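Coordinates in review
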Amino acid sequence: MTIGRRAFVAATLAGAATAALPAGPASARILPARPDPVLLLLDASAPAAFREGAGSVLPAANLLLAGRSAGDDGAALVDSIAWLAARPGRRMVGLLRDADAVLLEQMTRDGAIRCLSAAQHCQGGEAAVQSRHRITALASNAGLAGALAGQLAATGAAFSVVSERPGGAHGDTFRQDIVAAAAAQGGWEGALGRTLALIAAGHWPEQTPDEPALFTGGAGHSGAGPFALRSFVFAS
Amino acid sequence: MAAKYVALPNGVSEREFDAAIAEFRAALGDDNVFVEQDRLVSYNKIMLPVPDAEHAPSAAISPNSVEQVQACVAICNKYRVPVWPISTGKNLGYGSAAPGNRGQVVMDLRRMNRILEVDADLCTALVEPGVTYQQLYDYIHERKLPLWLSCPAPSAIAGPVGNTIDRGVGYTPYGEHFLFSCGMEVVLPNGEVLRTGMGSLPNSNTWQVFKWGFGPYLDGIFTQSNYGIVTKLGLWLMPAPPAFKPFVIRYAEEADIVAAVETLRPLRMANIIPNAVVISHALWEGGAVAKRSDYYKGPGSIPDEAVQRMVHDRNIGMWNLYAGLYGSPEQIEVNWKIIQGAVKASGKGEILTAEQLGHDHVFKYRADLMQGKMNLSEFGLYNWRGGGGSAWFAPVSQARGGEAQKQLALAKTILGRHGLDYVAEFIVGWRDMHHVIDLLFDRTDAAQTEAAKVCFQELLHEFAAQGYGVYRANTAVQEDVANLYGSVKRDVNQKIKRALDPNGIIAPGKSGIWV
Ligand SMILES: Cc1cc2nc3c(=O)[nH]c(=O)nc-3n(C[C@H](O)[C@H](O)[C@H](O)COP(=O)(O)OP(=O)(O)OC[C@H]3O[C@@H](n4cnc5c(N)ncnc54)[C@H](O)[C@@H]3O)c2cc1C
């Protein structure tokens with residue numbers, strides 16, 4: 001397979017939220033036809049609440065579905081990076097499974113692309129804590145870790161949120177108490193989608209950069225199935 | 001208060017670093033020098049079981065010519081700032097694009113991405129470090145040249161210079177990449193430019209065809225080392241064969257690895273099977289396309305019973321030996337009969353070809369790699385467990401069935417102690433095998449990350465106690481591996497380092513080599 005040079009199918013987030021979305025295969029890729037400078041890149045299995053949360057802030061955002069199904073060749077990722085890098089001022093918000101997220105990150109090492117937020121979200125497995133989140137704390141996503149922890153606390157299930165600054169000296173992490181937030185619509189996934197969309201849109205309030213921190217709370221299981229996803233916001 | 005830099009190089013003050021950055025900017029332009037957090041994130045994404053902070057870069061710089069590399073080296077010498085060169089920077093599971101040690105400046109050579117020459121008669125190429133396999137593949141195909149590449153599994157996004165310099169492997173008959181390289185250009189730590197082999201001779205036109213030149217053969221010392229920055233590399237490309245026949249031999253039992261290797265070795269050594277063969281375990285074969293939680297959700301390593309279930313469900317072998325025949329249809333026909341005879345005589349294994357499996361995703365991606373075609377399917381392994389942790393443990397083995405079995409048992413025992421899965425394959429050379437094990441773990445789970453770290457150390461040390469060493473190592477364990485290879489080797493490496501790079505500015509610590 002040669003990646004690159006694809007035919008694009010257009011859709012917007014607002015339209016797609018109600019339409020039946022084609023997922024996965026190369027023939028059904030969706031790429032932006034609208035001038036909106038934001039692209040939402042989602043794994044086909046990403047929680048609908050994330051997309052709805054992002055859509056509440058960015059109803060006109062373009063939508064592209066990825067999904068490493070058999071035969072998928074990563075073209076959706078190549079296309080989205082090409083779109084992002086093509087013009088300054090564009091933004092990409094996403095939630096992908098590991099394989100695609102690793103590939104995508106590798107493609108963002110280009111002087112023109114900045115990372116505004118990056119995080120790993122895992123649920124299930126054998127870990128003592130069921131819902132686990134690792135956030136790269138940047139000036140642009142300051143406050144995200146605390147906000148996410150508040151939402152997770154509201155669910156009542158056991159969780160951990162680790163927030164690490166790039167280069168943050170090892171061992172300077174401290175535990176923070178968190179206050180359960182009022183549960184947002186769509187749970188923490190919806191709140192995450194909304195927050196990342198606000199960051200992408202430049203409407204997330206500026207805050208003091210997060211110190212390395214570990215937030216924990218809750219007890220027991222949420223009942224939700226296992227998953228491993230990565231969220232991000234990139235800007236050109 | 002937020003610090004000005006993500007990290008600082010060891011022993012360099014903020015003021016000195018300010019001055020060095022100003023000079024990098026003057027030499028390369030502002031757009032090619034990065035110190036901002038949001039631009040350095042992608043140079044700090046390790047997948048290893050250690051904190052990212054241990055591999056945080058202080059800056060990234062991106063020269064686009066030999067002269068600019070020389071200018072950077074001069075600045076590094078002036079301020080004693082260490083640089084970590086990367087070519088395409090896709091060394092995933094070995095340290096990615098992050099520096100070996102905190103505070104080093106990443107020298108990202110991706111902008112030096114010119115394909116300088118492809119000679120379709122002699123089947124050679126000369127490329128710069130930023131050239132990707134995809135770029136070279138497109139170049140060859142756009143010009144309809146009858147040439148094949150050999151690429152590693154990350155194919156499209158990785159590149160021949162970085163892969164060859166780290167002594168990586170591919171899956172065609174040219175799969176042992178360093179063996180099929182010919183001639184390097186290297187910017188030395190003092191700024192001089194060395195061309196190895198025939199390249200030192202003015203007006204030479206044999207740089208890419210004759211490896212050895214005159215006197216000591218130097219190319220090897222610029223691989224897995226920190227003695228210089230490679231700015232050009234010559235490659236031998238494979239003449240496209242008139243015909244190609246990929247096949248897989250599936251083995252039902254784990255103990256069949258003995259039969260697989262014993263059947264294969266004579267065929268491989270006699271070049272009847274000419275390519276770098278893969279014998280992949282079911283957990284690799286299935287792991288690239290399935291999720292662990294579909295088969296097992298309990299504690300510890302995935303049990304053999306669950307692996308058997310996956311083998312059955314997905315109709316794969318416990319071992320899956322992928323190989324190819326290359327040549328004219330007549331040659332292939334003769335060799336095919338020999339292979340069928342050998343497998344039949346061994347009494348084990350079922351041979352399948354594209355006729356039966358052409359539609360199968362895994363067969364297709366393996367067949368692509370055996371023809372040097374771009375394919376990113378293997379990244380699916382990262383969805384097996386999820387959580388973003390991966391570290392390759394890759395000991396070398398003799399190509400003997402008994403040795404493979406011994407390494408398999410040892411690896412499974414150690415991995416089992418730490419609840420990690422045996423996601424592995426053997427890549428078979430003429431006499432050796434790279435036993436490549438992907439330690440996949442969840443970095444959001446502190447206990448599992450610690451388990452992976454301890455497990456890696458046990459693998460290194462318990463394999464070494466049996467006389468087995470790795471062919472390549474990730475940046476978090478360079479010191480340990482260098483120690484395992486003994487003090488005399490470390491000493492010699494260091495003496496060369498001191499002679500060539502007295503200020504220790506190029507990738508200090510790479511392969512455990514310091515000034
Ligand atoms: C799913 C998966 C499958 C993989 N399969 C394979 C495989 O089949 N075979 C294989 O070999 N690897 C494999 N890898 C590992 C790795 O991704 C490849 O080896 C890849 O080619 C290395 O990245 P790169 O080519 O971008 O080299 P780089 O990352 O650019 O370079 C590797 C290292 O070499 C040194 N270096 C690079 N350039 C220079 C230079 N110009 N001067 C001096 N030193 C330099 C540096 O120390 C650098 O860290 C796999 C990884 C994944 C995730």
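Residues numbered from 1 in each chain as written. Chains lettered and ligands numbered in written order. Predicted model: local features only at pLDDT ≥ 70, side-chain atom pairs only at ≥ 80, totals over all residues. Heavy atoms only, no water.

In terms of helices and strands, chain B carries 16 helices and 19 strands. In terms of overall dimensions, chain B is globule-like: its C-alpha atoms have a radius of gyration of 23 Å, near the 24 Å expected for 515 residues. Over its C-alpha atoms, taken along the principal directions, chain B stretches across nearly 70 × 55 × 45 Å. Expressed as a percentage of its 515 residues, the buried residues of chain B come to 63%. For chain B, long-range pairs separated by at least 24 residues make up 74% of all intrachain contacts whose partners lie at least 6 apart in sequence. When the accessible surface of chain B is totalled, it reaches about 18700 Å², and 54% of it is carbon and sulfur. (Helix = DSSP H or I, 4+ residues; strand = E, 2+ residues; numbered from the N terminus. Rg over C-alpha atoms; globule rule 2.2 N^0.38 Å. Buried < 20%, exposed > 50% of the residue type's maximum accessible area, 1.4 Å probe, protein only. Contact = heavy atoms within 4.5 Å. Areas by Shrake-Rupley, 256 points an atom, 1.4 Å probe, with all protein chains shown as cover.)

All names here are of chain B. Counted under the stated rule, the structure contains 34 salt bridges over all chains. Its salt-bridge partner being R39, residue E36 comes within 3.9 Å of it at the nearest N-O pair. Across the pair E479 and R490 runs a salt bridge, and its minimum N-O distance is 3.0 Å. Of the two residues, E479 is situated in helix α15 (residues 478-484) and R490 in helix α16 (residues 487-500); the sequence distance between them amounts to 11 residues. Its relative accessible area of 33% is what places E479 among the partly exposed residues. (Salt bridge = Lys/Arg side-chain N within 4 Å of Asp/Glu carboxyl O.)

The relative placement of two aromatic rings is captured by the distance of their centres and the angle of their planes. Residue and element names in this part refer to chain B. Under the criterion given, the structure shown has 18 aromatic pairs over all chains. Relative to Y326, the ring of W148 lies with its centre 6.1 Å away and its plane at 70 degrees, an arrangement referred to as edge-to-face. In this pair, W148 is assigned in strand β7 (residues 147-148) and Y326 in strand β14 (residues 319-327), connecting sequence segments 178 residues apart. In terms of burial, W148 and Y326 fall into one category: buried. (Phe/Tyr/Trp six-rings, centres within 6.5 Å; stacked < 30°, edge-to-face > 60°.)

At the interface, 44 residues of chain A touch 56 residues of chain B. Note on chain A versus chain B: buried area summed over both sides is about 4000 Å², and carbon and sulfur give 54% of it. The tally of links from chain A across to chain B stands at 2 salt bridges. Measuring nitrogen to oxygen at the nearest pair gives 3.4 Å for the salt bridge that ties D38 of chain B to R114 of chain A. Across the chain A-chain B interface, the total number found is 14 residue pairs in polar contact (both at pLDDT 80 or more). Of all the secondary structure elements, the ones that give two or more residues to the side of chain A that touches chain B are α4 (98-107), β4 (114-123), β5 (131-136) and β9 (227-235) of chain A. Per element, the largest residue contribution to the side of chain A that touches chain B is 7 residues, and it comes from α4 of chain A. Among the residues forming the side of chain A that touches chain B, the class breakdown is 19 nonpolar, 10 polar and 15 charged. (Buried area = accessible area lost by both parts, 1.4 Å probe. Polar contact = N/O pair within 3.5 Å; in protein donor to acceptor, adjacent residues only side chain to side chain. Nonpolar A, V, L, I, M, F, W, Y, C, P; charged D, E, K, R; others polar.)

Moving on, we get to the site of the ligand. All names here are of chain B. The environment of the ligand is made up of 33 residues, and the closest members are S87, T88, K90, Y171 and R472. Here an oxygen atom of the ligand sits 2.6 Å away from a polar atom, N or O, in the side chain of T88. For the ligand, an oxygen atom lies 2.8 Å from a polar atom in the side chain of K510. Within the complex, 97% of the 960 Å² of free accessible area of the ligand lies under protein. At the level of secondary structure, the elements contributing two or more residues to the shell around the ligand comprise β3 (83-86), α5 (160-165) and β10 (229-236). The class makeup of the residues in the shell around the ligand is 19 nonpolar, 9 polar and 5 charged. (Near = heavy atom within 4 Å.)

What follows is about the packing of helix α5 (residues 144-155) of chain A against helix α6 (residues 187-201) of chain A. Describing two packed helices takes the angle between their axes plus the distance from one axis to the other. Residues and elements named next belong to chain A. Put simply, α5 and α6 touch, their axes get as near as 9 Å, and they point 160 degrees apart. When the interaxial angle is binned, α5 and α6 end up roughly antiparallel. At the point where α5 passes α6, the crossing takes the right-handed sense. In contact with L144, L148, Q151, L152 and T155 of α5, α6 contributes G187, W188, A191, L192, T195 and L196. Residues that form the contact of α5 with α6 fall into these classes: 7 nonpolar, 4 polar and no charged. (Axes fitted to C-alpha atoms, helices over the stretch in contact; angles between N-to-C directions. Parallel < 35°, antiparallel > 145°, perpendicular 65-115°, else oblique. Left-handed = near helix turned anticlockwise from the far one by under 90°.)

Bringing a nonpolar patch on the surface into the picture now. Taken together, the side chains of L122, V209, F210, W212 and Y217 of chain B define a hydrophobic patch exposed on the protein surface, amounting to about 470 Å² of accessible area. Mapped onto the elements, L122 of chain B comes out in the loop between β5 (115-119) and β6 (124-127). (Patch = residues over 30% accessible without salt bridge, like charges linked within 9 Å, V, L, I, M, F, W, Y side chains within 5 Å.)

Attention now moves to the environment of R250 of chain B. All names here are of chain B. Relative to the helices and strands, R250 is located in strand β12 (residues 243-251). Between the C-alpha atoms of R250 and Y5, which are 245 residues apart in sequence, the distance is 53 Å. If near-sequence neighbours (up to four positions away) are discounted, R250 is found in contact with N315, I316, G317, W319, N320, G349, E350, L352 and L357. There is a polar contact of 3.0 Å between the side chain of R250 and the backbone oxygen of N315.

Residues and elements named next belong to chain B. Considered domain by domain, chain B is made up of domain 1 (14-111), domain 2 (115-239) and domain 3 (243-465). Around 1300 Å² of area is buried between domain 1 and domain 2 when both sides are counted, 66% of it from carbon and sulfur atoms. Counting every contact that joins domain 1 to domain 2 gives 0 salt bridges. Remark: the boundary between domain 1 and domain 2 carries 5 residue pairs in polar contact (both at pLDDT 80 or more). Examining the composition of the side of domain 1 that touches domain 2, we find that 5 residues originate from one element, helix α3 (residues 66-79), more than from any other. Taken together, the residues of the side of domain 1 that touches domain 2 break down into 6 nonpolar, 5 polar and 2 charged. (Domains from an automatic or database assignment.)

Attention now moves to the nonpolar core. The biggest cluster of nonpolar side chains holds 106 residues, and the ones touching the most others in it are L41, M92 and L104 of chain A together with L136 and F379 of chain B. L41 of chain A has contacts with L64, A66, L77, S80, M92, V93, G94, L95, L96, L104 and F232 of chain A, leaving out every residue within four places of it along the chain. (Core = buried A, V, L, I, M, F, W, Y, C linked by side-chain atoms within 4.5 Å.)

Let us now look at α5 of chain A. Residues and elements named next belong to chain A. Over its 12 residues, α5 extends 17 Å from the first C-alpha to the last, a length consistent with the 16 Å expected when each residue adds 1.5 Å. For α5, every residue scored as buried is listed here: L144, A145, L148, A149, G150, Q151, L152 and A153. On its buried face, α5 is in contact with β4, β5, β6 (159-164), α6 and β8 (213-217). The first or second residue beyond α5 is G156, which carries a positive phi of 85 degrees. (Expected span 1.5 Å × (residues − 1).)

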